[in-house]
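# Observations on the model geometry
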Amino acid sequence: MMARMAFDFDAAVTAPFRMQPGLRRLAPGATQLTPLAPGSRHQREKLGVLSSFAAESLIAVQGFDAGPALNALCRLAAAEHPEDFAWDGDQALARRLGVAASRDGRFEQRAAGAFGLGDEIGRGLAGIAPEWRLAALLCLAFAEDFAIVDGDDGTIPWLAVVLPSFWAPAEKVGRHFTQVHAPVADNTLLLKAAAGLIATITGSEPWERFVWTITAHSRLHAHPAHVDPRRWALVDLERLMQQAWFRSERQSFIAVPGRRQAVFTIAVDVQPLLEVANVPHRAKALHDAVASMSPAVLDYRGLTAVREPLLRALSMLAS
């Protein structure tokens, strides 16, 4: 199994709930990437998505050069996890997957992988456009997905997001930060902080932030085109805690040397809500956060219909 992603529950789940940047400096020695064990849940789901819906996941503005950002990302991956990943400036090697991919789109299966027939990753890359194979290998080697933030114009010109959380990468590419977050409920603090936030994350220091929600969707992949719109309608409210899920993201920002750019990393995790809330102080924190959400936030997160039964269940666990 892969190491649990560094989602900080106590820092993320607070009341009153506010939609805000919530950035904090990365602690000394903390890593930004999470290697995936061969055949892990994240890797299998990502491989399935890339095999079927790569065009929905790998998207860029025409003519954008992602080379410097990919170089920065590969350098960090090799520095943080040399036992899992190597980078020589041109070619990356995902050691535990036995696959290498180059900047120019060439790839090779150097050794059998450790799950399935052993060549799943190589066969998956064969079906992906050459210019995206290095990015796809990074997505399959690590739990994180990736996007590039351009500090010069405040846009997101490139995305390799395989496990989006109820949003479509195609609707975000090339758009300004404020446009990307315009649909977010109670977004005043986010939008007011936009200019400063972009300057901060494209600077030289690494940052992280955390987001979370409660959902009836159990899969990591939550592209809106592939999510059942009925979700909560299919849940037995008397057994809500057994059928609900805690969806979290740990996001971080990797500076791109020589550019006003940052690689935005997104590590999604989905756990049974009962496992997360089966500790009184966590159940209370979740109760208080949900209780303090505005009607707009509840609606945006799809929680309006289940607010009351959810609060009752969390209150019982907190007592």
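The structure this text deals with has already been given above.
Residues numbered from 1 in each chain as written. Predicted model: local features only at pLDDT ≥ 70, side-chain atom pairs only at ≥ 80, totals over all residues. Heavy atoms only, no water.

## Comments concerning helix α13 (residues 307-318)
- In this model α13 runs 16 Å from its N-terminal to its C-terminal C-alpha over twelve residues, within 8% of the 16 Å that 1.5 Å per residue would give.
- Here α13 has its buried residues at Pro309, Leu310, Leu311, Ala313 and Leu314.
- At its buried positions, α13 is contacted by β9 (207-215), α9 (240-243), α10 (273-277) and α11 (280-291). (Helix = DSSP H or I, 4+ residues; strand = E, 2+ residues; numbered from the N terminus. Expected span 1.5 Å × (residues − 1). Buried < 20%, exposed > 50% of the residue type's maximum accessible area, 1.4 Å probe, protein only. Contact = heavy atoms within 4.5 Å.)

## Focus: the environment of Arg230
- Mapped onto the elements, Arg230 comes out in the loop between β9 and α9.
- Residues Arg230 and His217 lie 13 residues apart in sequence; the distance between their C-alpha atoms is 10.0 Å.

## Details of the nonpolar core
- Phe85, Leu137, Leu138, Phe146 and Trp158 are the most contacted members of the largest nonpolar core, which totals 65 residues.
- Excluding residues within four positions of it along the chain, Leu138 makes contact with Leu70, Leu73, Cys74, Phe85 and Phe146. (Core = buried A, V, L, I, M, F, W, Y, C linked by side-chain atoms within 4.5 Å.)

## Some thoughts on the sheet that holds strand β6 (residues 107-109)
- Pairing is antiparallel in the open sheet, where four strands are placed in the order β3-β4-β5-β6. Lying at the two open borders of the sheet, with one neighbouring strand each, are β3 (85-87) and β6. Averaged over neighbouring strand pairs, the angle between their axes works out to 10° when direction is ignored.
- Note: strand β5 (residues 99-102) against β6, three bridges, orientation antiparallel. Bridging from a neighbouring strand, Ala101 pairs with Phe107 of β6. (Pairing = 2+ DSSP bridges. Axes fitted to C-alpha atoms, helices over the stretch in contact; angles between N-to-C directions.)

## Description of the packing of α11 against α13
- At a minimum axis distance of 8 Å, the contact between α11 and α13 shows a crossing angle of 155°. Classed by the angle they form, the pair α11 and α13 counts as roughly antiparallel. For the pair α11 and α13, the sense of crossing is left-handed. Residues Pro280, Ala283, Lys284, Leu286, His287, Val290 and Ala291 of α11 form the contact with α13, whose participating residues are Arg307, Leu310, Leu311, Leu314, Ser315, Leu317 and Ala318.
- When its residues are assigned to classes, the contact of α11 with α13 shows ten nonpolar, two polar and two charged. (Parallel < 35°, antiparallel > 145°, perpendicular 65-115°, else oblique. Left-handed = near helix turned anticlockwise from the far one by under 90°. Nonpolar A, V, L, I, M, F, W, Y, C, P; charged D, E, K, R; others polar.)

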